[in-house]
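Remarks on the overall topology
Next come the chains, spelled out residue by residue.
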Amino acid sequence: MKMQLWIVAALATFLAAFGQANAGEKELSKHQVPKAVLEAFEKAYPNAKKVEFEKKMFEGKDAYEVEYKEDGREHEILYSPEGVVLQKEETIDVKTLPEPVVQAISKAHPKATIKEAEKIMKPDGTITGYEVELKTEGKELELELDLNGNILKTERD
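Not measured: the values here are computed from a predicted model.

Here the focus is the environment of Glu142. On the secondary structure map, Glu142 appears in strand E8 (residues 139-146). As for Glu142 and Val132, which are separated by 10 residues in sequence, their C-alpha atoms are 5.6 Å apart.

Structural data, given as structure tokens:
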């Protein structure tokens, strides 16, 4: 009886944690995305491959993320429901991360290995920060950092 109770408690804890981690993010089919977002994306990126859609919150408002591959790189574009670009992300080589960002990661997570990195950009292409995926002591983390290496957000994957 105690074992069943323990299993139920562990399962409930897992579901609660998993549900909160993905709160605010919802995968969508192409048909669930506003027409303005689809039109803007397809016009700007006609050669995009492996396109996926998600509904997210951005600065307290609904937004639509389009994740795709082009020219061997992964990209993410965040749109308002009206089809206006809010933010862009592009996968970069980990070796190209700026030194302040690398130093901040090493200081905060000395045993971590950087698995993947993305640059975060304004719609005009100006870099505003970086998002990195780390593996440390059996855990996977995602960090968002500004240009100076200040850690703005940490999430567990």
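So, about the side chain of Glu118. Note that Glu118 resides in strand E6 (residues 113-121). Nearest to the buried, unbridged Glu118 among oppositely charged side chains is Lys56, at 8.3 Å. Not counting residues up to four positions away in its chain, the partners in contact with Glu118 are Glu76, Glu89, Glu90, Thr91, Ile92, Gly129, Tyr130 and Glu131.

Before going further, it helps to spend a moment on the pattern of salt bridges. Tallying each qualifying case throughout the model produces nine salt bridges. When the shortest N-O distance is used, the salt bridge between Asp62 and Lys55 registers 3.6 Å. The exposure class assigned to Asp62 is partly exposed, which follows from its relative accessible area of 37%. One salt-bridge network, held together by shared partners, links Glu144, Lys153 and Glu155.

The next subject is the sheet that holds strand E5 (residues 85-92). The strand order across the open sheet built from nine strands is E1-E2-E3-E4-E5-E6-E7-E8-E9, with neighbouring strands paired in antiparallel fashion. The open sheet has two edge strands with one neighbour each: strand E1 (26-28) and strand E9 (151-156). Strand after strand, the sheet turns through a mean of 25° between neighbouring axes, direction not considered. The pairing of strand E3 (residues 61-70) with strand E4 (residues 73-79) spans seven bridges and is antiparallel. From the neighbouring strand, Glu65 faces E4, where its bridge partner is Leu78. Set on the sheet, helix H2 (residues 35-44) makes contact with strand E2 (49-58), E3 and E4; between it and E3 the angle comes to about 30°. Contacting E6, strand E7 (127-136), E8 and E9, helix H3 (residues 99-108) crosses the sheet at an angle of about 140° to E8.

A regular strand carries its side chains on alternate faces of the sheet. Alignment of E7 against E8, held across eight bridges, turns out to be antiparallel. Within E8, the residue paired with Glu131 across the bridge is Glu144. Hairpin remark: E7 followed by E8, antiparallel, with two residues in the connecting loop; positive phi at Glu137, about 50°. Of the strand pairs in this sheet, E8 and E9 are connected by five bridges, and their pairing is antiparallel. The residue bridging Leu141 from the neighbouring strand is Arg156, located in E9. Taking the residues that link successive antiparallel strands as the turn, the E8-E9 hairpin has four residues, and the phi of Gly149 there is positive, at about 90°.

Conventions adopted
Residues numbered from 1 in each chain as written. Predicted model: local features only at pLDDT ≥ 70, side-chain atom pairs only at ≥ 80, totals over all residues. Heavy atoms only, no water. Helix = DSSP H or I, 4+ residues; strand = E, 2+ residues; numbered from the N terminus. Buried < 20%, exposed > 50% of the residue type's maximum accessible area, 1.4 Å probe, protein only. Lys, Arg positive; Asp, Glu negative; His and termini not counted. Salt bridge = Lys/Arg side-chain N within 4 Å of Asp/Glu carboxyl O. Contact = heavy atoms within 4.5 Å. Pairing = 2+ DSSP bridges. Axes fitted to C-alpha atoms, helices over the stretch in contact; angles between N-to-C directions.

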